[in-house]
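This is what each chain is made of:
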Amino acid sequence: MFPDTRRGVNAKDEMLMQIFQERTTPLNEKGLGLILSHSSLPDSDLPRSLVVNPSMNGLPSDRPGTLEKALKLNLAHRVYGTFAEIGAGQEIANWFFRAGGASGTVAKSMSAYDMTFSDEIYGKSARYVSRQRMVAMLDHEYQIVNERLAAKRGENTTFFALANTVRARGFRDTKEECHGWMGLRFQTEPQGPFHDIQMHVRLLDVTNQRQSEALGILGVNLIYGAFHLRENLPTFLRSLMDELSRRRVEIDMIDFTGPSFSSPVFQDRLVALELVRSDLADAALFGADGEILQASDVLYKKSVFLSRGTFDPITRLNLDMLDQGRKAFAEDFGVEAEGHMEICEITMHNLLCMDDCSVEYDNFLARASVLQSLGKNVLISKYAEFHRLSAFLARHTQQPVGIVLGLPLFEELFNERWYTDLEGGLLEAFGRLFRNKVRLYVYPAGDPMTGKVRTAAQARVSADQQHLLNYLLDTSSVHIIKDGLEDCLFHSSASVRKMILDGDERWKTLVPELVLNQGPWAQLK
């Protein structure tokens, strides 16, 4: 953290602060009022009545506003670096120029917008709006600022490089997603090692001007948070959305590296959890190795095979469901299914309701670790409805998508109470679910009342819905998996959990050996 920014302020800075204090800043997007900014004071001394910086949930925040953040950094005279921005103007650097005293922060601001110029500076890239391009920009710009300025002012300056490459709304736009990569490489102390914060952003505004504005605010929040709020992950993440809302921006991936982020709280999987829980994203994806993945990169032009479940614990039935569904998916789509990405999805609804998630986090990580040990990628999502999950996948790939699920969950899809927010109700939900190359693979279930096994053909739906079920089966939108593990069909993950609570040793026969040797279940052997 930096010391009081009032120290060492010269006459010019005093004049800049006086001018800034006379400026007004809109209270929020709806123009609820105007407030005075008092940048000459440290955060702790700012009058709460004058600091009304809306957070993303609409409640006042005691953090300074965007322009004030920029001025505080400008007047600190210890944060100095370069801005390299491609695709949405130079909106981040612009905030520092507008605040005044930008010479205290901005060493260089540039935009290699032309691809030829960009290639000459940063090297060729397969995709220009990609993490690869953003990292190349950070490497180049940070090296230059260090080489050219370390001897002159390295003893009392923390250097940084801010880079973004963005696909914003165009003049003649298509249906392509508006998104981008933003990264900050920075020192936390003079002559110290560098740290990286890299994130992927979705821009949700409908105009280029609004998207550029949102990107600029986000960039200022990132720089300010990195230097002032990095010690507390939830606080840092929430601060990224100061003066923004989820209607405008989604941050669906963020990665921290460097000595200051060595704490377990910055572990990739916990960061992914916190992104979703803090409502910065609806979903987060990480790979079998624990690395946070960006869906637009890893799902690009790839088919997807996904399983939904609690996996608490993962059972032999879960694994057989995956195996049989995967085989059916390959048979249905042939060449198109080759090289598909396999994902196990866990919903976060119970986690979102908790103030203290430490226990739930441990439970989640235990489940995720088993899945990763089995070579599975894990998706954390807030999507209760299948059509929202389908829409998420459709944003990133137009290739076939297969979703395997058990019969009880399939029957729940016909429960109309889930679709009261849709004007078209159940029919609209199914239309959204199957609008692309999406196919459901329904695994059979044992009926404890009759002792018989039922398939999707015997799904229990209302008489009015039977025609819809027949249509889905006739058009192969729903694929029936006829056979399952006979000794497991009458036992779900929920019934296995009940056995564990009841001390029923039979649960050990229903889970793979890996579960018995890993996580909290190993202690129950």
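These numbers come from a predicted model, not from an experiment.

> Got a sec to walk through the packing of aromatic side chains? Specific residues and values, please.
All chains considered together, the criterion is met by 17 aromatic pairs. The interplanar angle of 45° and the centroid separation of 5.1 Å between the aromatic rings of Phe 414 and Phe 430 together place this pair among those described as tilted. Of this pair, Phe 414 sits in the loop between α14 (407-412) and α15 (425-433) while Phe 430 sits in helix α15; the two residues are 16 residues apart in sequence, bridging distant segments of the chain. Given the relative accessible area of 6%, Phe 430 is considered buried.

> An account of the sheet that holds strand β20 (residues 478-480) is requested, with residue identities and associated values reported.
If you walk across this open sheet you meet the eight strands as β12-β11-β15-β14-β13-β16-β17-β20, and the pairing is mixed. Two strands bound the open sheet, and with one partner strand each, they are β12 (292-293) and β20. With five bridges joining them, strand β14 (residues 341-347) and strand β15 (residues 377-381) adopt parallel strand pairing. Its bridge partner lying in β15, Thr 347 is registered against Ser 381.

> Quick one: what's the story with the layout of surface pockets, residue by residue and with numbers?
Space inside the largest pocket adds up to approximately 1,000 Å³. Considering the residues around the largest pocket, the lining is formed by 41 residues, among which Arg 308, Gly 406, Pro 408, Leu 409 and Ser 492 are closest to the centre. Within the residue set of the lining of the largest pocket, elements represented by two or more residues are α10 (316-333), β14, β16 (401-406), α14, β18 (445-447) and α17 (493-502). Considering each element in turn, the lining of the largest pocket owes the most residues, five residues, to α14. Residue composition of the lining of the largest pocket, by class: 21 nonpolar, eleven polar and nine charged.

> Go over the packing of helix α3 (residues 91-99) against helix α6 (residues 208-228), please, and point to the residues and values.
Taken N-terminus to C-terminus, the directions of α3 and α6 make an angle of 70°; their axes are 7 Å apart at the nearest point. Relative to α6, the element α3 lies roughly perpendicular. Contact with α3, carried on its side by Glu 91, Ile 92, Trp 95 and Phe 96, involves Ser 212, Glu 213, Leu 215, Gly 216, Ile 217, Gly 219, Val 220 and Ile 223 of α6 and no other residues of that element. Of the residues contributing to the contact of α3 with α6, the split by class is seven nonpolar, three polar and two charged.

Reading the values: the criteria
All chains use their own residue numbering, which begins from 1 and follows the written sequence. Since the coordinates come from a predicted model, pLDDT governs what is reported: local features require at least 70, and pairs of side-chain atoms require 80 or more to be given and counted, while whole-chain, interface and lining totals use all residues. To get the side-chain values, all heavy atoms of the structure are used, and hydrogens and water are removed first. Between the rings of Phe, Tyr and Trp (Trp by its six-membered ring), a pair exists once the centres lie within 6.5 Å; its type follows the angle of the planes, with under 30 degrees stacked, over 60 edge-to-face, and the other angles tilted. Secondary structure elements follow DSSP: runs of H or I of four or more residues count as helices, runs of E of two or more count as strands, with numbering from the N terminus. Summary of the burial criterion: residues with accessible area below 20% of their type's maximum are buried, those above 50% are exposed, and those between are partly exposed, where the area comes from a 1.4 Å probe applied to protein chains only. Strands are treated as partners if at least two bridges between them are detected by DSSP. Think of a 1 Å grid over just the protein atoms. A cavity is a set of points where a 1.4 Å probe fits yet cannot get out, a pocket is an open set with protein on both sides within 12 Å along at least five of seven lines, and lining residues have an atom within 4 Å of a point. Grid points are joined across faces, edges and corners, and a volume is the space filled by probe spheres set on the points. In this classification, Asp, Glu, Lys and Arg are treated as charged, Ala, Val, Leu, Ile, Met, Phe, Trp, Tyr, Cys and Pro as nonpolar, and every other residue, Gly included, as polar. Whenever a helix is involved, its axis is fitted only over the stretch in contact; in every case the axis is a line through C-alpha atoms, and angles between N-to-C directions fall within 0 to 180 degrees. Throughout, the term roughly parallel applies to angles under 35 degrees, roughly antiparallel to angles over 145, roughly perpendicular to angles from 65 to 115, and oblique to all others. Should any heavy atoms of two residues lie within 4.5 Å, those residues are considered in contact.

Honestly, that's just the spatial picture; any functional story needs more than this.
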